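Each chain, letter by letter, is given below.
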Amino acid sequence: MKTTNYTQLFFLIIFLIFVKDINAQKFGIDDQEVSRISNTDHNVQIWEVLPEFTKQGEYEIKIKHAATGEVGSFYIIAWADINNDGKPDKEISRSDLKIASEEGEWSSWNFKSDYNRIFVGNTWRSSNEKMYYQNGGTVDGYIGLSNKVYYSRVFNGQPSQSTSPRFTNIKVKIIDQVTVFGIMNQEVSRISNTDHNVQIWEVLPEFTKQGEYEIKIKHAASGEVGSFYIIAWADINNDGKPDKEISRSDLKTASNEGEWSSWNFKSEYNRIFVGNTWSSPNEKMYYQSGGKVDGYTGLSNKVFYSRAFNGQPSQSTSPRFTNIKVKIIR
């Protein structure tokens, strides 16, 4: 009987690993590989993950070594575009130095990203490096990555130059996708006094989970006038309105306009609302009355509010928006 149970457990584990693997999204070099080995004449190279393949969560990057030892070694890197100009401007992270014992080995590295536009590739110190690198043409089965390479001719330099088409042997796998919603593409630019002191938006039912959330809200001003507490409320009598404050953060204050503050909370409720509150009568907040915001998902556009600090947000109006992002952690 024990042998049967162990056998069943073994196959269950194998099945779960298989299901996890087939659910992982894979892209990059898929069928045909790059065969040309050369000195690329640069020291940083990264390719954009195309928007429809970009997720917030954990990635695995694999890159193939064109030579053994130092001449084929590299660091795997990830960059982000944080000012939304289409170019990489911030290095997210990098691996330790990857060195192959045989030509053709693959090295892998995992990293986590909270960014909406990312680039992946590698970098190296060697001036006579050997890399798999194809100039021009096409590569069968190459998907999910742009064929435009951003590069720098300096180790640790910012990859601000670009050319295309260029390819290397790189594979990308999304292994743990995080659910993120709220302001995703377009942000609210209008800054005003909202004429209230509490504002919360409902997390739509299809996005609501029992578990841990991270809330991020953007400061419209530095110091006291742009400060706030991040809050979460619940609807416990199922009338569609917030009636119980779940929790609130400590006071969030920015050093510079445009900074984001974050706060985590746990919820066991089936209907929740998130937002912020402040005591200042002359506060400045990102606040849009009417219209639409491109890419706004997962939250209702109806704001529940109170004109009193610590008041119950029983009044409502719509559509209203602020710069808020929500992440379900687990």
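Preceding this paragraph is the structure being described.
This section reports on the structure supplied with the text. Worth saying up front: this structure is predicted, and the values here are computed from it rather than measured.

Reading the values: the criteria
Residues numbered from 1 in each chain as written. Predicted model: local features only at pLDDT ≥ 70, side-chain atom pairs only at ≥ 80, totals over all residues. Heavy atoms only, no water. Helix = DSSP H or I, 4+ residues; strand = E, 2+ residues; numbered from the N terminus. Buried < 20%, exposed > 50% of the residue type's maximum accessible area, 1.4 Å probe, protein only. Contact = heavy atoms within 4.5 Å. Areas by Shrake-Rupley, 256 points an atom, 1.4 Å probe, with all protein chains shown as cover. Lys, Arg positive; Asp, Glu negative; His and termini not counted. Charge placed at Lys NZ, Arg CZ, Asp CG, Glu CD. Pairing = 2+ DSSP bridges. Axes fitted to C-alpha atoms, helices over the stretch in contact; angles between N-to-C directions. Core = buried A, V, L, I, M, F, W, Y, C linked by side-chain atoms within 4.5 Å. 1 Å grid on protein atoms, 1.4 Å probe; cavity = no way out; pocket = protein on both sides within 12 Å on 5 of 7 lines; lining within 4 Å. Points joined across faces, edges and corners; volume = space filled by probe spheres on them. Nonpolar A, V, L, I, M, F, W, Y, C, P; charged D, E, K, R; others polar. Polar contact = N/O pair within 3.5 Å; in protein donor to acceptor, adjacent residues only side chain to side chain. Phe/Tyr/Trp six-rings, centres within 6.5 Å; stacked < 30°, edge-to-face > 60°. Lys NZ or Arg CZ within 6 Å of the ring centre and 35° of its normal.

## Section: the overall build of the chain
Per the secondary structure count, the chain includes one helix and 28 strands. The principal-axis extent of the C-alpha atoms belonging to the chain is close to 70 × 65 × 30 Å. Considering the chain as a whole, with its 330 residues, one finds that 48% of them fall into the buried category. The contacts in the chain between residues at least 6 apart in sequence include a share of 80% that link residues at least 24 apart. When the accessible area of the chain is evaluated, it comes to approximately 16200 Å², of which 44% is carbon and sulfur surface. With 38 positive and 39 negative side-chain charges, the chain shows a separation of 1 Å between the mean positions of the two kinds.

## Side note on the sheet that holds strand 21 (residues 260–267)
Strand pairing in a sheet relies on backbone hydrogen bonds. The paired strands run either parallel or antiparallel. Sheet architecture is open: four strands sit in the order 15-28-18-21, paired in antiparallel fashion. Two strands close off the open sheet at either side, each with one partner strand: strand 15 (179–182) and strand 21. Each strand of the sheet is rotated relative to its neighbour by a mean of 20°, with strand direction disregarded.

## What to know about the environment of I63
Turning to its location among the elements, I63 is positioned in strand 4 (residues 57–64). Take I63: its relative accessible area is 1%, and that puts it in the buried class. Taking the C-alpha atoms as reference points, I63 and K171, 108 residues apart in sequence, are found 6.5 Å from one another.

## A short note on the sheet that holds strand 5 (residues 75–80)
Pairing in this open sheet of six strands is antiparallel, and the strands run 6-5-8-3-11-12 from one edge to the other. Among the strands making up the open sheet, the edge pair consists of strand 6 (90–94) and strand 12 (161–163). This sheet shows a mean twist of 30° between the axes of neighbouring strands, independent of strand direction. Where strand 3 (residues 44–49) and strand 11 (residues 145–152) come together, five bridges link them in antiparallel fashion. The partner of V49 across the bridge, within strand 11, is L145.

## Remarks on the nonpolar core
Among the nonpolar cores identified, the biggest contains 30 residues, and I61, F111, V120 and L145 are the most heavily contacted of them. Those elements that place two or more of their residues in this core are strand 3, strand 4, strand 5, strand 7 (106–113), strand 8 (118–123), strand 9 (131–132), strand 11 and strand 14 (170–177). Those residues within four positions of V120 in sequence are excluded, and the remaining contacts are Q45, I46, W47, V49, I61, I77, A78, F111, L145, I170 and V172. The next biggest cluster of nonpolar side chains, apart from the first, holds 29 residues, and it includes Y213, I230, F265 and W278.

## Digging into the layout of surface pockets
What the largest pocket holds in volume is close to 930 Å³. Lining of the largest pocket is provided by 32 residues; of these, Q56, D114, Y115, N116 and K325 occupy positions nearest its centre. Mapped onto the lining of the largest pocket, the elements with two or more residues apiece are strand 3, strand 15, strand 18 (211–218) and strand 28 (324–328). Residue composition of the lining of the largest pocket, grouped by class: 11 nonpolar, nine polar and 12 charged.

## Thoughts on the side chain of N169
Locating N169 in the fold gives a position in the loop between strand 13 (166–167) and strand 14. Of note is the side chain of N169, whose polar atom sits 2.7 Å from the backbone nitrogen of V34. When near neighbours in sequence (up to four residues on either side) are disregarded, N169 contacts I29, E33, V34, K62, I63, K64, W106 and Y132.

## Some thoughts on the packing of aromatic side chains
On inspection of all chains with the given rule, the structure shows 12 aromatic pairs. Between F27 and F53 the ring centres are 4.9 Å apart and the planes differ by 55°, which places this aromatic pair in the tilted class. Residue F27 is located in strand 1 (residues 25–28), and its partner F53 is located in the loop between strand 3 and strand 4; the two are separated by 26 residues in the primary sequence. The exposure class of F27 is buried, given its relative accessible area of 3%. For F53, a relative accessible area of 16% puts it in the buried group. Feature note: the residues Y59, W109 and F111 constitute an aromatic cluster, connected by ring pairs. Its guanidinium or amino end placed over the ring of W106, K171 lies 4.6 Å from that ring's centre, counting from NZ or CZ. A cation sits over an aromatic face here: R248 above Y229, 5.6 Å from the ring centre.

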